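These are the residues of each chain, in order.
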Amino acid sequence: MKPPSSLVHYFKLLVLLALARLTMHVPDEDVLLSLGALRLDGHFSFHDVSAMARDFGNQCSFLPAAVLHPGSVSDIAAIVRHVFSLGEGSPLTVAARGHGHSLMGQSQAAQGIVVRMESLRGPRLQVNDAGVSPPSVDAPGGELWINVLRETLKHGLAPKSWTDYLHLTVGGTLSNAGVSGQAFRHGPQVSNVNQLEIVTGRGDVVTCSPDDNADLFYAALGDLGQFGIITRARIALEPAPKMVRWIRVLYSDFESFTEDQEMLIMAENSFDYVEGFVIINRTGVLNNWRASFKPQDPVEASHFQSDGRVLYCLELTKNFNSDDTDTMEQEVTVLLSRLRFIQSTLFHTDVTYLEFLDRVHTSELKLRAQGLWEVPHPWLNLLIPRSSIRRFAKEVFGKILKDSNNGPILLYPVNKSKWDNRTSVVIPDEEIFYLVGFLSSAPSLSGYGSIAHSMNLNKQIVEFCEEAGIGMKQYLAPYTTQQQWKAHFGARWETFERRKHRYDPLAILAPGQRIFPKASLPLPL
């Protein structure tokens, strides 16, 4: 019997959690006073906690009992040790909160303690490039990736793998995976880390790497915060380019679109970034690009008509420096000649490396100005095996979403061989699989564009995947029961549960993931 879809139970979850707020065991006054009595480099706040009860998803809000603003890693360790010392009968939990970009309360801790990781003071970013090969950067877990990029660029270096949005914390993305259009070449962010500093669920501060405390190192990467709080990471760097040729082309045929993407990610000489988008019901898409991108053939582009078709956009980049512009032009010309896009839809522009990587923030500022950023985001992120992607597209884009599209839809392939299977990240069991992201916004209260509308579409998509045996895995999964999590991890569940017993035996950490309920784990022998 298949496990029920998490989205089917979405509204049930909200009701159950609301009831839990009325009946849950709230920490007594003595416990809260004991927190205030701890000697810390930072401080606690007990009254202004509402900001830590919100996240980017803007659908769940659970007030913590206290917020820790750590002044040091020792503060975080002291708090976790204190909660651990209270024993399994204590209701207190601890959640590390980065930039609050979770979708369904995963960084929240109802009546627990939220650690505001961005408050962490002490040594900040340190680039290790003097006589070190390969170079790396040591970054606090609460540091934003945009700040990591700016600091490393001062040394002519940059991390290899990114997320599309850089205003996220290092610890936050490493606790998930960290995926973008460079993943086909370098793997996700969790595949580009050399060392971690972690506070475990026992309050131990452990430095780990592939050579030291390797089990914890690989466990913590993609662990959804279950085994420890990442307080520092050593990230691999490479020489950074100065410029990027940024290209967009359109396809009307899904098979050509996916086959070209697969060819590019398998080629030895290719682009540096490959991402795809699905465009539904947006006839003026080229007009939206004209302000920033130049059409290769302005006359032909001006005559392009989508005729209401579903279109597929391929977004590509080639890195270069000012002294190798001619070489870049030749390479791009050769690569584009192998693709089967609609010739009149070739658009391109040249931007700095920083401008390209921080491109989503530019859109964020525009949406904030319109009051459209801090709205509910009922996102759905799926990993689809290559063998199922055409069947998936036919049903989802041809039927379920045929007349509905209230947010970007990502669709691009990555290589399994670039993902380290020793980490906790769960992916489909095929060499090529697709990341498909439905990045909906829900600015209206009812009808088209509402949460109910978006969640209903998500529900239909997930139910189709389950009933058709698509073999998908959810990324940033909003599962609500341990049964669903066991199905998600499959054969890897036993290892995941063993690591939980070892590193967080009282289930103190990351309660918002709803994987291991507090005090449900017996102490290991």
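Note: the structure precedes this text.
Predicted, not measured: the structure shown is a model, and the values here were computed from it. Sequence order as written defines the numbering, with residues in each chain counted from 1. A pLDDT threshold of at least 70 governs which residues receive local features in this predicted model, and a stricter bar of 80 or more applies before side-chain atom pairs are shown or counted, although totals over entire chains, interfaces and linings include all residues. Remark: hydrogens and water are excluded; side-chain values derive from all non-hydrogen atoms of the structure.

It is worth spelling out the nonpolar core at this point. Proteins that are soluble and globular tend to have nonpolar side chains buried together. We call a set of buried Ala, Val, Leu, Ile, Met, Phe, Trp, Tyr and Cys residues a nonpolar core when their side-chain atoms join them within 4.5 Å. Each residue is placed in one exposure class: buried if its accessible area under a 1.4 Å probe, protein chains only, is under 20% of its type's maximum, exposed if it is over 50%, and partly exposed if it falls in between. One finds W145, L174, L196 and L250 to be the most contacted residues of the largest nonpolar core, which totals 85 residues. Counting from the N terminus, the helices are the DSSP runs of H or I reaching at least four residues and the strands are the DSSP runs of E reaching at least two. With 5 residues, the single largest contributor to this core is helix α7 (residues 214-220). In this structure, this core is formed jointly by two domains, domain 1 (126-239) and domain 2 (243-474), each of which donates at least three residues. A contact between two residues is defined here by any heavy atoms of the two lying within 4.5 Å. Among all residues touching L174, those that are not within four sequence positions of it are W145, Q189, V190, V193, L196, A220, L221, G222, I230 and A233. Throughout, the edges of the domains are those of an automatic or database domain assignment.

Let us look at the packing of helix α8 (residues 254-266) against helix α14 (residues 389-400). To define axes, lines are fitted to C-alpha atoms, for helices over the stretch in contact only, and angles between the resulting N-to-C directions are given on a 0 to 180 degree scale. Remark: α8 packs on α14, axes separated minimally by 11 Å, with the N-to-C direction vectors making an angle of 140°. Judged by the angle between their axes, α8 and α14 are oblique. Relative to α14, α8 is oriented so that their crossing is right-handed. In this structure, α8 contributes F254, E255, T258, E259 and E262 to the contact, and α14 contributes I389, R390, A393 and F397. Lys, Arg, Asp and Glu make up the charged group, whereas Ala, Val, Leu, Ile, Met, Phe, Trp, Tyr, Cys and Pro make up the nonpolar group; the residues left over, Gly among them, are polar. By residue class, the composition of the contact of α8 with α14 is 4 nonpolar, 1 polar and 4 charged. Any angle from 65 to 115 degrees is called roughly perpendicular, while one under 35 is roughly parallel, one over 145 is roughly antiparallel, and all others are oblique. Whether a crossing is left-handed or right-handed is set by the direction in which the near helix is turned from the far one by less than a right angle, anticlockwise for left-handed and clockwise for right-handed.

Before going further, it helps to spend a moment on the packing of aromatic side chains. By convention, a stacked pair of Phe, Tyr or Trp rings (six-membered ring in the case of Trp) has centres within 6.5 Å and planes under 30 degrees apart, an edge-to-face pair has planes over 60 apart, and any other such pair is tilted. Here the structure, examined in full by the defined rule, presents 28 aromatic pairs. The interplanar angle of 55° and the centroid separation of 6.2 Å between the aromatic rings of F254 and F257 together place this pair among those described as tilted. Of the two residues, F254 and F257 both sit in helix α8, 3 residues apart, roughly one turn of that helix. Judged by its relative accessible area of 0%, F257 is buried. With a centroid separation of 5.3 Å and an interplanar angle of 65°, the aromatic rings of F254 and Y312 are classed as edge-to-face. With F254 in helix α8 and Y312 in strand β14 (residues 311-320), this pair connects stretches of sequence that are 58 residues apart. This pair shows no difference in class: F254 is buried, exactly as Y312 is. The structure contains a cluster of three or more aromatic residues connected by ring pairs, namely F227, Y479, W485, F489, W493, F496, Y503 and F516. Consider the ring centre and the ring normal. A charge sits over the ring if Lys NZ or Arg CZ is within 6 Å of that centre and within 35 degrees of that normal. In this structure, R359 packs its charged tip against the face of F356, placed 4.2 Å from the ring centre.

Everything listed here is a matter of coordinates, which is why it stays silent on function.
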